[in-house]
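Chain by chain, the residues run as shown.
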Amino acid sequence: MKNLREYLEEQINEDLIQAVLSGSRSASGPSRVKIRPVKLKNQICYQASATEGTKIFHKNYTQEQLIEYLEKEITDHFGQFQARGRRLDGTVLVSKKGKMTVKTKKHPVSEPVQIQAHNRVKQYILKEGVPVPFLEDLGVMNEKGKIITSKYDKFRQINRFLEFIEDILPQLARNREITILDFGCGKSYLTFAMYYYLRQIKGYDVNIIGLDLKTDVIEKCNKLAEKYGYEKLHFYQGDIAEYEGVSSVDMVVTLHACDTATDYALAKAVQWGAGVILSVPCCQHEVNRQIKNEMLEPVLRYGILKERISALITDGVRANLLESRGYETQLLEFIDMEHTPKNLLIRAVKTQKSAGNQKVSAKNKTERMMKELEIHPTLDRLLEIIEEGEMI
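Computed from a prediction, not measured in an experiment: that's the story for all the values here. (Residues numbered from 1 in each chain as written. Predicted model: local features only at pLDDT ≥ 70, side-chain atom pairs only at ≥ 80, totals over all residues. Heavy atoms only, no water.)

### Details of the overall build of the chain
Inference 1: Along the backbone of the chain there are 12 helices and 15 strands.
Inference 2: Taken along its principal axes, the extent of the C-alpha atoms in the chain is 65 × 60 × 45 Å.
Inference 3: Taking all 392 residues of the chain together, 45% fall into the buried category.
Inference 4: Of the contacts made within the chain by residues no fewer than 6 positions apart, 66% connect residues no fewer than 24 positions apart.
Inference 5: With an accessible surface of roughly 21100 Å², the chain has 48% of that area assigned to carbon and sulfur atoms. (Helix = DSSP H or I, 4+ residues; strand = E, 2+ residues; numbered from the N terminus. Buried < 20%, exposed > 50% of the residue type's maximum accessible area, 1.4 Å probe, protein only. Contact = heavy atoms within 4.5 Å. Areas by Shrake-Rupley, 256 points an atom, 1.4 Å probe, with all protein chains shown as cover.)

### Remarks on helix H10 (residues 303–324)
Inference 1: In a regular helix each residue adds 1.5 Å, so 22 residues correspond to 32 Å; H10 covers 31 Å between its end C-alpha atoms and thus fits that length.
Inference 2: A positive backbone phi angle near 90° is found at Gly326, which sits one or two residues after H10. (Expected span 1.5 Å × (residues − 1).)

### Comments concerning the confidence of the model for the chain
Inference 1: With 92% of its residues at a pLDDT of 70 or more, the chain shows a mean pLDDT of 87.
Inference 2: Mean pLDDT per element in the chain: strand E8 (residues 116–117) is the minimum at 56, and helix H9 (residues 297–300) is the maximum at 96.
Inference 3: Contacts from residues 337–341, a stretch scored under 50 in pLDDT, to residues over four places away or in other chains number 10 contacts. (pLDDT = per-residue confidence, 0-100.)

### Topic: the environment of Phe78
Inference 1: Relative to the helices and strands, Phe78 resides in strand E5 (residues 78–85).
Inference 2: Measuring from C-alpha to C-alpha, the distance between Phe78 and Ser22 comes to 5.9 Å, with 56 residues separating the pair along the chain.
Inference 3: Leaving out residues up to four positions away in the same chain, Phe78 has contacts with Leu21, Ser22, Gly23, Ser24, Arg25, Pro30, Ser31, Arg32, Val33, Glu73 and Val94.

### Describing the sheet that holds strand E12 (residues 251–258)
Inference 1: Ordered in space as E11-E10-E9-E12-E13-E15-E14, the seven strands form an open sheet in which the pairing is mixed. Among the strands making up the open sheet, the edge pair consists of strand E11 (233–237) and strand E14 (327–334). Sheet twist, expressed as the mean angle between neighbouring strand axes with direction ignored, is 15°.
Inference 2: Contacting strand E9 (178–183), E12, strand E13 (276–282) and E14, helix H7 (residues 260–272) runs over the sheet at an angle of about 170° to E12.
Inference 3: The strands touched by H10 are E13, E14 and strand E15 (343–350); relative to E14, the strand with the most contacts, the crossing angle is about 150°. (Pairing = 2+ DSSP bridges. Axes fitted to C-alpha atoms, helices over the stretch in contact; angles between N-to-C directions.)

### Some remarks on the side chain of Ser49
Inference 1: Relative to the elements of secondary structure, Ser49 occurs in strand E3 (residues 43–52).
Inference 2: Residue classification places Ser49 among the buried residues on the basis of a relative accessible area of 15%.
Inference 3: A polar contact is formed between the side chain of Ser49 and the side chain of His58, at a distance of 2.8 Å.
Inference 4: In this structure, Ser49 is in contact with Arg32, Val33, Lys34, Ile56, Phe57 and His58, ignoring residues within four places of it in sequence. (Polar contact = N/O pair within 3.5 Å; in protein donor to acceptor, adjacent residues only side chain to side chain.)

### Some thoughts on the state of the cysteines
Inference 1: Scanning all chains against the criterion turns up zero disulfides.
Inference 2: Considering cysteine sulfurs only, Cys258 is the nearest to Cys283, which forms no disulfide, with 3.5 Å between them. (Disulfide = S-S within 2.5 Å.)

### Brief notes about unusual backbone geometry
Inference 1: Of note, Cys283 is a non-glycine position whose phi angle comes to about 50°, a positive value.
Inference 2: Structurally, Cys283 can be placed in the loop between E13 and helix H8 (286–290).
Inference 3: Relative accessible area serves as the criterion here: at 27%, Cys283 is assigned to the partly exposed category.

This is the structure:
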(Lines give C-alpha, C1' and ligand atoms only; values in the text may rest on other atoms or scores of the structure.)
Protein backbone atom coordinates (compact mmCIF):
# COMPACT_ATOMS: atom_id res chain seq x y z
CA MET A 1 0.00 0.00 0.00
CA LYS A 2 1.35 3.43 -0.95
CA ASN A 3 1.88 6.09 1.67
CA LEU A 4 0.12 9.44 1.29
CA ARG A 5 3.01 11.26 -0.36
CA GLU A 6 3.60 8.51 -2.92
CA TYR A 7 -0.09 8.42 -3.80
CA LEU A 8 -0.35 12.22 -4.22
CA GLU A 9 2.71 12.33 -6.45
CA GLU A 10 1.08 9.74 -8.72
CA GLN A 11 -2.39 11.36 -8.68
CA ILE A 12 -1.62 15.08 -8.97
CA ASN A 13 -0.52 15.69 -12.55
CA GLU A 14 -1.92 16.78 -15.93
CA ASP A 15 -4.23 13.73 -15.93
CA LEU A 16 -6.18 14.95 -12.87
CA ILE A 17 -9.83 15.69 -13.61
CA GLN A 18 -11.10 16.74 -10.19
CA ALA A 19 -10.35 16.23 -6.50
CA VAL A 20 -12.25 17.07 -3.31
CA LEU A 21 -11.23 17.45 0.35
CA SER A 22 -14.17 16.94 2.73
CA GLY A 23 -15.08 15.82 6.22
CA SER A 24 -13.42 18.67 8.08
CA ARG A 25 -12.01 17.67 11.48
CA SER A 26 -11.39 21.28 12.56
CA ALA A 27 -13.73 23.77 14.21
CA SER A 28 -12.37 26.54 11.98
CA GLY A 29 -11.22 26.76 8.39
CA PRO A 30 -12.85 25.45 5.23
CA SER A 31 -15.45 22.68 5.33
CA ARG A 32 -14.70 21.53 1.79
CA VAL A 33 -12.06 22.17 -0.89
CA LYS A 34 -12.61 21.41 -4.58
CA ILE A 35 -9.54 21.17 -6.83
CA ARG A 36 -9.30 21.30 -10.61
CA PRO A 37 -6.50 21.92 -13.12
CA VAL A 38 -6.58 25.30 -14.90
CA LYS A 39 -4.50 27.05 -17.53
CA LEU A 40 -2.82 30.23 -16.30
CA LYS A 41 -0.51 32.07 -18.71
CA ASN A 42 -0.22 28.87 -20.77
CA GLN A 43 0.92 26.92 -17.71
CA ILE A 44 -1.04 24.16 -15.96
CA CYS A 45 -1.86 25.13 -12.38
CA TYR A 46 -4.28 23.70 -9.83
CA GLN A 47 -7.09 25.85 -8.46
CA ALA A 48 -8.33 25.06 -4.95
CA SER A 49 -11.81 26.45 -4.17
CA ALA A 50 -12.28 26.42 -0.39
CA THR A 51 -15.78 26.74 1.08
CA GLU A 52 -15.94 28.62 4.39
CA GLY A 53 -19.51 29.22 5.55
CA THR A 54 -21.32 30.78 2.58
CA LYS A 55 -18.12 32.08 0.94
CA ILE A 56 -15.72 30.42 -1.50
CA PHE A 57 -12.04 31.37 -1.66
CA HIS A 58 -9.84 30.49 -4.65
CA LYS A 59 -6.08 29.91 -4.67
CA ASN A 60 -3.79 28.59 -7.41
CA TYR A 61 -0.94 26.15 -6.80
CA THR A 62 1.87 24.57 -8.79
CA GLN A 63 1.99 20.77 -8.81
CA GLU A 64 4.52 20.58 -5.97
CA GLN A 65 2.76 23.27 -3.92
CA LEU A 66 -0.55 21.42 -4.23
CA ILE A 67 0.96 18.10 -3.15
CA GLU A 68 2.45 19.77 -0.06
CA TYR A 69 -0.84 21.55 0.68
CA LEU A 70 -2.88 18.33 0.35
CA GLU A 71 -0.43 16.33 2.46
CA LYS A 72 -0.78 18.82 5.31
CA GLU A 73 -4.56 19.28 5.03
CA ILE A 74 -5.30 15.53 4.89
CA THR A 75 -2.99 14.87 7.84
CA ASP A 76 -4.22 17.74 10.03
CA HIS A 77 -7.69 18.89 9.00
CA PHE A 78 -9.75 16.66 6.67
CA GLY A 79 -11.13 13.16 7.02
CA GLN A 80 -11.56 12.36 3.34
CA PHE A 81 -9.90 13.04 0.00
CA GLN A 82 -11.31 11.81 -3.30
CA ALA A 83 -9.70 12.25 -6.69
CA ARG A 84 -10.69 11.31 -10.22
CA GLY A 85 -8.13 11.17 -13.01
CA ARG A 86 -7.74 10.08 -16.60
CA ARG A 87 -5.79 6.97 -15.55
CA LEU A 88 -6.17 6.76 -11.77
CA ASP A 89 -8.87 7.31 -9.13
CA GLY A 90 -8.06 7.46 -5.44
CA THR A 91 -9.56 7.82 -1.98
CA VAL A 92 -7.88 8.71 1.30
CA LEU A 93 -9.81 8.14 4.54
CA VAL A 94 -8.64 9.34 7.96
CA SER A 95 -10.23 7.82 11.08
CA LYS A 96 -11.02 9.75 14.26
CA LYS A 97 -7.85 8.29 15.76
CA GLY A 98 -5.80 9.52 12.81
CA LYS A 99 -5.37 6.20 11.02
CA MET A 100 -4.99 6.80 7.30
CA THR A 101 -6.17 4.46 4.53
CA VAL A 102 -5.18 5.04 0.91
CA LYS A 103 -7.09 3.22 -1.83
CA THR A 104 -6.40 3.55 -5.55
CA LYS A 105 -7.98 2.18 -8.69
CA LYS A 106 -6.43 2.27 -12.13
CA HIS A 107 -8.69 2.16 -15.17
CA PRO A 108 -8.43 2.29 -18.95
CA VAL A 109 -7.14 5.63 -20.20
CA SER A 110 -10.03 7.99 -20.90
CA GLU A 111 -10.10 10.94 -23.29
CA PRO A 112 -7.52 13.66 -22.64
CA VAL A 113 -8.48 16.04 -19.85
CA GLN A 114 -9.93 19.29 -21.21
CA ILE A 115 -8.29 21.85 -18.95
CA GLN A 116 -10.32 25.04 -18.78
CA ALA A 117 -8.90 28.53 -18.78
CA HIS A 118 -8.60 30.15 -15.37
CA ASN A 119 -11.27 32.76 -16.20
CA ARG A 120 -13.76 30.41 -17.84
CA VAL A 121 -17.33 31.72 -18.26
CA LYS A 122 -20.08 30.13 -16.18
CA GLN A 123 -22.32 28.00 -18.42
CA TYR A 124 -25.95 28.71 -17.58
CA ILE A 125 -28.97 26.67 -18.69
CA LEU A 126 -30.54 29.86 -20.06
CA LYS A 127 -27.67 31.38 -22.03
CA GLU A 128 -26.54 34.96 -21.92
CA GLY A 129 -26.91 36.53 -25.35
CA VAL A 130 -29.86 34.33 -26.31
CA PRO A 131 -33.12 36.36 -26.13
CA VAL A 132 -35.91 34.75 -24.08
CA PRO A 133 -39.29 36.52 -24.46
CA PHE A 134 -40.52 36.22 -20.86
CA LEU A 135 -37.16 37.41 -19.49
CA GLU A 136 -37.43 40.48 -21.73
CA ASP A 137 -40.94 41.33 -20.48
CA LEU A 138 -39.96 40.69 -16.86
CA GLY A 139 -37.07 43.12 -17.27
CA VAL A 140 -34.22 40.63 -16.82
CA MET A 141 -32.70 40.99 -20.32
CA ASN A 142 -33.06 43.24 -23.35
CA GLU A 143 -34.20 42.24 -26.84
CA LYS A 144 -30.64 41.19 -27.76
CA GLY A 145 -30.36 38.82 -24.81
CA LYS A 146 -28.03 41.06 -22.80
CA ILE A 147 -28.68 40.78 -19.06
CA ILE A 148 -29.74 44.02 -17.39
CA THR A 149 -26.99 44.78 -14.86
CA SER A 150 -29.37 45.34 -11.94
CA LYS A 151 -31.16 42.05 -12.74
CA TYR A 152 -28.11 39.81 -13.02
CA ASP A 153 -28.78 38.25 -9.60
CA LYS A 154 -32.26 37.25 -10.75
CA PHE A 155 -30.84 35.72 -13.92
CA ARG A 156 -28.39 33.70 -11.83
CA GLN A 157 -31.14 32.66 -9.39
CA ILE A 158 -33.41 31.50 -12.21
CA ASN A 159 -30.62 29.35 -13.63
CA ARG A 160 -29.82 27.90 -10.21
CA PHE A 161 -33.46 26.86 -9.84
CA LEU A 162 -33.40 25.23 -13.29
CA GLU A 163 -30.36 23.22 -12.18
CA PHE A 164 -32.52 21.74 -9.40
CA ILE A 165 -35.15 20.90 -12.03
CA GLU A 166 -32.50 19.33 -14.27
CA ASP A 167 -31.46 16.99 -11.45
CA ILE A 168 -34.95 15.49 -11.14
CA LEU A 169 -35.72 15.06 -14.86
CA PRO A 170 -35.38 11.24 -14.59
CA GLN A 171 -38.38 11.31 -12.21
CA LEU A 172 -40.68 12.94 -14.80
CA ALA A 173 -42.61 10.82 -17.30
CA ARG A 174 -41.91 11.38 -21.02
CA ASN A 175 -44.91 9.47 -22.38
CA ARG A 176 -47.77 11.52 -20.90
CA GLU A 177 -48.77 14.97 -19.69
CA ILE A 178 -47.06 16.09 -16.47
CA THR A 179 -48.99 18.27 -14.03
CA ILE A 180 -46.95 20.75 -12.00
CA LEU A 181 -48.43 23.02 -9.33
CA ASP A 182 -46.61 26.18 -8.24
CA PHE A 183 -48.03 27.52 -4.97
CA GLY A 184 -47.36 31.19 -4.20
CA CYS A 185 -45.98 31.87 -7.67
CA GLY A 186 -45.83 35.68 -7.24
CA LYS A 187 -44.33 37.48 -10.25
CA SER A 188 -43.60 34.01 -11.65
CA TYR A 189 -40.02 34.45 -12.84
CA LEU A 190 -39.40 30.82 -11.93
CA THR A 191 -42.78 29.54 -13.14
CA PHE A 192 -42.19 30.89 -16.64
CA ALA A 193 -38.60 29.63 -16.56
CA MET A 194 -39.79 26.15 -15.53
CA TYR A 195 -42.34 26.02 -18.37
CA TYR A 196 -39.85 27.35 -20.95
CA TYR A 197 -37.15 24.91 -19.87
CA LEU A 198 -39.32 21.79 -19.61
CA ARG A 199 -41.50 22.38 -22.68
CA GLN A 200 -39.46 24.51 -25.08
CA ILE A 201 -35.96 23.18 -24.36
CA LYS A 202 -36.53 19.62 -23.07
CA GLY A 203 -39.76 18.81 -24.92
CA TYR A 204 -41.81 17.56 -21.95
CA ASP A 205 -45.62 17.68 -22.18
CA VAL A 206 -46.20 19.83 -19.11
CA ASN A 207 -49.30 21.45 -17.68
CA ILE A 208 -48.23 24.06 -15.12
CA ILE A 209 -50.62 25.78 -12.75
CA GLY A 210 -49.52 28.86 -10.80
CA LEU A 211 -51.47 29.89 -7.69
CA ASP A 212 -51.20 33.15 -5.78
CA LEU A 213 -53.36 35.42 -3.60
CA LYS A 214 -52.67 38.62 -5.58
CA THR A 215 -55.29 39.15 -8.28
CA ASP A 216 -53.32 41.80 -10.22
CA VAL A 217 -50.25 39.58 -10.40
CA ILE A 218 -52.33 36.63 -11.64
CA GLU A 219 -53.93 38.77 -14.35
CA LYS A 220 -50.55 40.00 -15.59
CA CYS A 221 -49.07 36.50 -15.66
CA ASN A 222 -52.02 35.08 -17.61
CA LYS A 223 -51.66 37.86 -20.19
CA LEU A 224 -47.96 37.11 -20.61
CA ALA A 225 -48.62 33.36 -20.94
CA GLU A 226 -51.22 34.06 -23.63
CA LYS A 227 -48.83 36.45 -25.39
CA TYR A 228 -46.10 33.77 -25.63
CA GLY A 229 -48.54 31.04 -26.70
CA TYR A 230 -47.91 29.03 -23.54
CA GLU A 231 -51.24 27.21 -23.77
CA LYS A 232 -50.51 24.85 -20.86
CA LEU A 233 -49.43 27.52 -18.39
CA HIS A 234 -52.29 28.91 -16.29
CA PHE A 235 -52.48 31.18 -13.24
CA TYR A 236 -55.28 31.29 -10.69
CA GLN A 237 -56.02 33.41 -7.64
CA GLY A 238 -56.46 31.32 -4.49
CA ASP A 239 -55.20 30.11 -1.14
CA ILE A 240 -52.87 27.14 -0.78
CA ALA A 241 -54.79 25.58 2.10
CA GLU A 242 -58.08 25.57 0.19
CA TYR A 243 -57.01 24.66 -3.34
CA GLU A 244 -58.79 21.61 -4.79
CA GLY A 245 -58.44 22.21 -8.52
CA VAL A 246 -56.69 18.90 -9.25
CA SER A 247 -56.87 15.36 -7.93
CA SER A 248 -53.29 14.25 -8.73
CA VAL A 249 -50.02 16.10 -9.35
CA ASP A 250 -46.58 15.02 -10.57
CA MET A 251 -44.58 17.86 -9.05
CA VAL A 252 -45.31 20.54 -6.46
CA VAL A 253 -43.27 23.73 -6.24
CA THR A 254 -43.70 26.13 -3.35
CA LEU A 255 -41.41 29.15 -3.13
CA HIS A 256 -41.65 31.77 -0.40
CA ALA A 257 -44.93 30.42 1.02
CA CYS A 258 -45.02 32.15 4.38
CA ASP A 259 -44.90 30.18 7.65
CA THR A 260 -47.51 27.38 7.74
CA ALA A 261 -48.56 27.98 4.11
CA THR A 262 -45.50 25.88 3.26
CA ASP A 263 -46.85 23.08 5.48
CA TYR A 264 -50.20 23.08 3.69
CA ALA A 265 -48.42 22.95 0.32
CA LEU A 266 -46.20 20.04 1.44
CA ALA A 267 -49.18 18.18 2.90
CA LYS A 268 -51.16 18.69 -0.33
CA ALA A 269 -48.20 17.30 -2.28
CA VAL A 270 -48.10 14.18 -0.10
CA GLN A 271 -51.88 13.78 -0.38
CA TRP A 272 -51.67 13.94 -4.18
CA GLY A 273 -48.75 11.51 -4.21
CA ALA A 274 -46.52 14.04 -6.00
CA GLY A 275 -43.35 12.43 -7.30
CA VAL A 276 -41.25 15.54 -6.73
CA ILE A 277 -41.47 18.42 -4.23
CA LEU A 278 -39.37 21.58 -4.43
CA SER A 279 -39.93 23.99 -1.56
CA VAL A 280 -38.19 27.17 -0.41
CA PRO A 281 -39.84 28.06 2.91
CA CYS A 282 -39.75 31.47 4.54
CA CYS A 283 -40.98 33.29 7.63
CA GLN A 284 -40.94 30.21 9.89
CA HIS A 285 -42.78 31.75 12.87
CA GLU A 286 -44.76 28.79 14.23
CA VAL A 287 -41.96 26.92 15.99
CA ASN A 288 -40.49 30.22 17.20
CA ARG A 289 -43.73 30.82 19.14
CA GLN A 290 -43.81 27.29 20.58
CA ILE A 291 -40.25 26.19 21.30
CA LYS A 292 -39.35 25.64 24.96
CA ASN A 293 -36.43 23.70 26.39
CA GLU A 294 -34.75 24.19 29.72
CA MET A 295 -31.34 23.06 28.49
CA LEU A 296 -31.46 25.44 25.51
CA GLU A 297 -32.83 28.37 27.51
CA PRO A 298 -29.45 30.19 27.73
CA VAL A 299 -29.48 30.36 23.91
CA LEU A 300 -33.22 30.75 23.30
CA ARG A 301 -33.33 33.85 25.52
CA TYR A 302 -31.69 35.77 22.66
CA GLY A 303 -34.39 36.62 20.15
CA ILE A 304 -32.28 36.53 17.00
CA LEU A 305 -30.78 33.14 17.91
CA LYS A 306 -34.18 31.73 18.84
CA GLU A 307 -35.52 32.86 15.47
CA ARG A 308 -32.68 31.25 13.50
CA ILE A 309 -32.70 28.01 15.49
CA SER A 310 -36.49 27.78 15.11
CA ALA A 311 -36.25 28.24 11.33
CA LEU A 312 -33.63 25.50 10.99
CA ILE A 313 -35.56 23.12 13.25
CA THR A 314 -38.75 23.82 11.28
CA ASP A 315 -37.18 22.82 7.97
CA GLY A 316 -35.31 19.89 9.51
CA VAL A 317 -38.57 18.52 10.90
CA ARG A 318 -40.30 19.04 7.55
CA ALA A 319 -37.55 17.10 5.77
CA ASN A 320 -37.77 14.21 8.25
CA LEU A 321 -41.56 14.08 8.11
CA LEU A 322 -41.37 13.81 4.31
CA GLU A 323 -38.74 11.08 4.68
CA SER A 324 -41.11 9.13 6.93
CA ARG A 325 -43.77 9.30 4.19
CA GLY A 326 -41.59 7.66 1.54
CA TYR A 327 -39.59 10.58 0.14
CA GLU A 328 -35.84 10.86 -0.27
CA THR A 329 -35.25 14.38 0.99
CA GLN A 330 -32.37 16.82 0.69
CA LEU A 331 -31.83 20.29 2.17
CA LEU A 332 -29.91 22.37 -0.37
CA GLU A 333 -28.67 25.94 -0.39
CA PHE A 334 -30.68 28.12 -2.73
CA ILE A 335 -30.12 31.74 -3.73
CA ASP A 336 -33.43 33.30 -2.76
CA MET A 337 -34.98 36.05 -4.88
CA GLU A 338 -37.34 37.78 -2.51
CA HIS A 339 -36.13 37.51 1.06
CA THR A 340 -32.78 36.59 2.66
CA PRO A 341 -29.63 36.50 0.51
CA LYS A 342 -29.35 32.74 1.09
CA ASN A 343 -32.04 30.22 1.85
CA LEU A 344 -32.73 26.50 1.99
CA LEU A 345 -34.50 24.47 -0.65
CA ILE A 346 -36.20 21.24 0.37
CA ARG A 347 -36.04 18.75 -2.51
CA ALA A 348 -38.04 15.57 -1.97
CA VAL A 349 -38.36 12.71 -4.46
CA LYS A 350 -40.88 9.93 -3.86
CA THR A 351 -39.31 6.48 -3.82
CA GLN A 352 -40.80 3.14 -4.81
CA LYS A 353 -39.47 1.55 -1.63
CA SER A 354 -41.48 1.16 1.54
CA ALA A 355 -40.56 3.26 4.57
CA GLY A 356 -38.92 0.32 6.36
CA ASN A 357 -37.47 0.18 9.84
CA GLN A 358 -34.98 2.94 9.15
CA LYS A 359 -37.75 5.39 8.19
CA VAL A 360 -39.86 4.36 11.18
CA SER A 361 -36.87 4.93 13.44
CA ALA A 362 -36.28 8.37 11.94
CA LYS A 363 -39.95 9.24 12.48
CA ASN A 364 -39.77 8.13 16.12
CA LYS A 365 -36.63 10.19 16.71
CA THR A 366 -38.28 13.25 15.14
CA GLU A 367 -41.34 12.81 17.34
CA ARG A 368 -39.14 12.54 20.45
CA MET A 369 -37.34 15.72 19.50
CA MET A 370 -40.62 17.58 18.94
CA LYS A 371 -41.80 16.44 22.35
CA GLU A 372 -38.57 17.61 24.03
CA LEU A 373 -38.83 21.03 22.38
CA GLU A 374 -42.61 21.24 23.03
CA ILE A 375 -43.32 22.04 19.38
CA HIS A 376 -46.36 20.96 17.37
CA PRO A 377 -45.64 21.71 13.68
CA THR A 378 -48.60 22.09 11.35
CA LEU A 379 -47.16 19.64 8.82
CA ASP A 380 -47.12 16.84 11.41
CA ARG A 381 -50.79 17.44 12.20
CA LEU A 382 -51.78 17.62 8.52
CA LEU A 383 -49.97 14.40 7.63
CA GLU A 384 -51.71 12.60 10.49
CA ILE A 385 -55.06 13.78 9.10
CA ILE A 386 -54.11 12.38 5.68
CA GLU A 387 -53.09 9.04 7.22
CA GLU A 388 -56.50 8.83 8.84
CA GLY A 389 -58.00 8.97 5.36
CA GLU A 390 -59.38 12.48 5.58
CA MET A 391 -58.93 15.32 3.13
CA ILE A 392 -57.20 18.58 4.10
